[in-house]
2 protein chains.
Amino acid sequence: MPPTAPATETKSRSTAEAQRSKIVSRAVRVFAHAGYHATPVAQVAAAAGVSPAYVFRLFPGKLALFVSAVEHCYERVRVGLIASADGTDASTPEEILAAMSDAYVDLIRDRDLIMLQVHAQSACDVPEIRAAVQRGLAELVTAVTDASGADSASVQRFVAYGQLCHLIVQADLASIDETWARTLSDGIQHPDDAPTPSRPGPTRD
Amino acid sequence: MPPTAPATETKSRSTAEAQRSKIVSRAVRVFAHAGYHATPVAQVAAAAGVSPAYVFRLFPGKLALFVSAVEHCYERVRVGLIASADGTDASTPEEILAAMSDAYVDLIRDRDLIMLQVHAQSACDVPEIRAAVQRGLAELVTAVTDASGADSASVQRFVAYGQLCHLIVQADLASIDETWARTLSDGIQHPDDAPTPSRPGPTRD
DNA sequence: TTTGTGACTGACTGAACAGTCACTTTTGAC
DNA sequence: GTCAAAAGTGACTGTTCAGTCAGTCACAAA
């Protein structure tokens with residue numbers, strides 16, 4: 001810290017914090033590809049344009065870096081969903097939930113958010129990761145419930161079909177033109193990936 | 001092979017094949033804990049009571065071993081579900097599907113089958129693993145569709161709630177006594193883990 | 001100019017692990 | 001018993017990777 005330590009921190013003051021943010025957001029992308037165990041820290045460092053050593057300087061370890069990425073990911077999803085609920089002119093809980101479903105499909109267009117969730121879930125045998133997933137889900141489910149006003153069973157269905165989306169993306173079912181694959185992915189597609197735009201799951205049938 | 005090569009292979013004939021089976025079934029259990037990337041072959045070997053070198057003798061590599069385990073896992077699930085469909089006295093498609101849902105919840109009691117599916121899904125960036133998952137899903141969805149006679153949307157819902165089960169098990173939501181966690185796991189529980197036995201998902205509401 | 005400090009890195013270490021290979025032990029046919 | 005093939009392993013190798021450490025560089029205050 002500066003010797004006289006004036007109260008005003010005018011400018012550059014914490015390039016480190018900016019780097020930290022940059023590394024986390026790059027980490028979301030990089031970890032999304034192959035997950036926690038299969039992704040070296042060096043790869044995240046390269047994506048952020050810094051040395052691996054510096055990543056360890058800013059984060060206590062690989063695990064903490066991954067957890068930060070997971071938290072960032074859940075927050076982006078939550079913010080996106082809430083924004084869609086606030087932005088829709090729907091009024092009934094089911095309609096708001098349907099708008100959120102559309103927003104979720106749209107959010108996960110780039111695969112990073114969905115794949116990181118999936119990888120975080122599958123690394124839940126690491127206690128710190130499991131805790132992060134639980135925190136993320138807690139906030140997500142609570143936010144969706146509050147914003148939509150939907151009942152428990154509807155929110156459960158929302159999440160179930162969300163998980164189905166994860167499977168479709170992971171296993172790349174959209175690329176398979178067979179009956180069974182269409183059974184799983186019918187009605188759950190990105191508007192411009194398929195001729196029949198629709199919302200995921202029978203939210204009102 | 002034997003010198004004169006008689007057509008009859010009387011007894012022991014292929015301890016290796018028996019070992020291979022044993023290793024695969026242990027591999028399901030061991031890989032289920034931490035997944036493909038985080039599980040050393042040595043751990044599978046130890047669980048099967050053989051040396052790591054011998055595992056590499058029976059399998060071309062770690063990847064092939066994992067793929068075999070995944071195939072074994074999907075087959076067990078498929079066989080279990082079909083057996084429940086054959087064994088039920090239900091007659092309508094929805095009732096058969098409900099029986100299968102109960103059977104699935106029962107099948108995954110030991111966590112191994114569910115966790116290996118999850119880990120296989122999350123390792124889908126490895127082409128061979130993705131192909132195995134696709135094959136497994138193809139057979140599973142086809143079998144469920146044929147055995148139940150249910151329509152596409154119902155089978156989709158069946159799978160969606162199955163994926164929700166995966167999330168509940170991975171993140172250990174059953175151990176969390178909070179509203180959001182109950183929202184996700186209500187009605188999806190092992191009969192003896194909760195006072196209110198029920199089938200997963202609103203299959204008839 | 002000197003001096004102090006935060007940003008940042010190259011080069012290294014130690015451990016873990018996939019895969020190999022030469023070797024020993026077991027088994028079964030004659 | 002003998003012999004060949006199959007079953008099975010210990011010891012090794014090359015690589016990858018998390019994490020460390022001593023140090024450089026840019027810059028700001030005095």
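Residues numbered from 1 in each chain as written. Chains lettered and ligands numbered in written order. Predicted model: local features only at pLDDT ≥ 70, side-chain atom pairs only at ≥ 80, totals over all residues. Heavy atoms only, no water.

Student: Outline the interface of chain B and chain A, supporting the account with residue identities and numerical values.
Tutor: Contacts between the two partners involve 38 residues from chain B and, on the opposite side, 38 residues from chain A. For the pair chain B and chain A, the summed buried area comes to about 3300 Å², and 64% of that belongs to carbon and sulfur atoms. Taken as a group, B:Gln156, B:Trp180 and B:Thr183 account for 19% of the area that chain B buries against chain A, more than any other trio of residues on that side. Applying the counting rule to chain B against chain A returns zero salt bridges. Where chain B meets chain A, there are 13 residue pairs in polar contact (both at pLDDT 80 or more). Looking at the side of chain B that touches chain A, the elements that each hand over two or more residues are α1 (15-34), α6 (112-122), α7 (127-148), α8 (152-170) and α9 (179-185) of chain B. With 11 residues, the single largest contributor to the side of chain B that touches chain A is α8(B). (Contact = heavy atoms within 4.5 Å. Buried area = accessible area lost by both parts, 1.4 Å probe. Salt bridge = Lys/Arg side-chain N within 4 Å of Asp/Glu carboxyl O. Polar contact = N/O pair within 3.5 Å; in protein donor to acceptor, adjacent residues only side chain to side chain. Helix = DSSP H or I, 4+ residues; strand = E, 2+ residues; numbered from the N terminus.)

Student: Which residues make up helix α2 (residues 41-48) of chain A, and what values go with them?
Tutor: Note: α-helices contain 3.6 residues per turn, so residues at a spacing of three or four share the same orientation. Residues and elements named next belong to chain A. Residues of α2 that are buried include every one of Val41, Val44, Ala45 and Ala48, and no others. Seen end-on, α2 carries its buried residues on one side only, within an arc spanning 100 degrees. Of the surrounding secondary structure, the elements contacted by the buried residues of α2 are α1 (15-34), α3 (52-58) and α4 (62-87). Glycine 49 sits one or two positions beyond α2 and adopts a positive phi of about 75 degrees. (Buried < 20%, exposed > 50% of the residue type's maximum accessible area, 1.4 Å probe, protein only. Arc of directions from axis to C-beta.)

Student: How would you summarise the relation of the copies chain B and chain A if you had to cite specific residues and measurements?
Tutor: For the pair chain B and chain A, the superposition axis carries a translation of 0.0 Å, the fit reaches an RMSD of 0.0 Å, and the rotation angle comes to 180 degrees. Such values leave the two copies arranged in the relation of a two-fold axis. A shared binding surface is used by both copies, with 100% of the interface residues of chain B retained as interface residues in chain A. (Least-squares fit on C-alpha atoms with pLDDT ≥ 70 in both.)

Student: Tell me about the packing of α6(B) against α8(B), residues and numbers included.
Tutor: Residues and elements named next belong to chain B. One way to put it is that α6 packs onto α8 with a least axis distance of 10 Å and a crossing angle of 100 degrees. When the interaxial angle is binned, α6 and α8 end up roughly perpendicular. Two secondary-structure elements touch here, α6 through Ile114, Met115, Gln117, Val118 and Gln121 and α8 through Gln163, Cys165, His166, Val169 and Gln170. Taken together, the residues of the contact of α6 with α8 break down into five nonpolar, five polar and no charged. (Axes fitted to C-alpha atoms, helices over the stretch in contact; angles between N-to-C directions. Parallel < 35°, antiparallel > 145°, perpendicular 65-115°, else oblique. Nonpolar A, V, L, I, M, F, W, Y, C, P; charged D, E, K, R; others polar.)

Student: So what's going on with the UniProt feature "DNA-binding region" (unreviewed entry) in chain A? Residues and values would help.
Tutor: Residues given the UniProt feature "DNA-binding region" (unreviewed entry) here are residues 40-59 of chain A. Note that residues 40-59 of chain A is 75% helix and 0% strand, and that its end C-alpha atoms are spaced 14 Å apart. (UniProt positions renumbered as here; feature names shortened; annotations may be inferred.)

Student: Hey, could you go over the environment of A:Ala53 for me, with residue numbers and the actual values?
Tutor: All names here are of chain A. Note on placement: alanine 53 falls in helix α3. Relative accessible area serves as the criterion here: at 56%, alanine 53 is assigned to the exposed category. Each C-alpha atom, one on alanine 53 and one on valine 41, is 9.4 Å from the other, the two residues being 12 residues apart in sequence.

Student: Let's hear about the pattern of salt bridges: which residues, and what values?
Tutor: Residue and element names in this part refer to chain A. In total, this model carries 10 salt bridges over all chains according to the counting rule given. One salt bridge connects aspartate 112 with arginine 29, and the closest N-O pair in it is separated by 3.5 Å. You can see aspartate 112 sitting in helix α6 (residues 112-122) and its partner arginine 29 sitting in helix α1, a full 83 residues away along the chain. Among the residues examined, aspartate 112 registers a relative accessible area of 9% and is labelled buried. Residue arginine 29 is classed as partly exposed on the basis of its relative accessible area, which comes to 47%.

Student: Describe the environment of A:Val55, naming the residues involved and giving the relevant values.
Tutor: All names here are of chain A. As for its position among the elements, valine 55 is in helix α3. By relative accessible area, which is 2% here, valine 55 ends up buried. For valine 55 and arginine 20, which are 35 residues apart along the polypeptide, the C-alpha to C-alpha distance reads 8.3 Å. If we skip the residues at most four places from it in the chain, valine 55 touches Ile23, Val41, Ala45, Val50 and Leu65.

Student: Tell me about the packing of aromatic side chains, and please be specific about residues and values.
Tutor: Residues and elements named next belong to chain B. Summed over all chains, the structure comprises four aromatic pairs over all chains. When the centroid spacing of 4.9 Å and the interplanar angle of 90 degrees are considered together, the rings of phenylalanine 31 and phenylalanine 66 count as edge-to-face. In this pair, phenylalanine 31 sits in helix α1 while phenylalanine 66 sits in helix α4 (residues 62-87), placing the two residues 35 residues apart along the sequence. By relative accessible area, phenylalanine 31 is classed as buried at 0%. (Phe/Tyr/Trp six-rings, centres within 6.5 Å; stacked < 30°, edge-to-face > 60°.)

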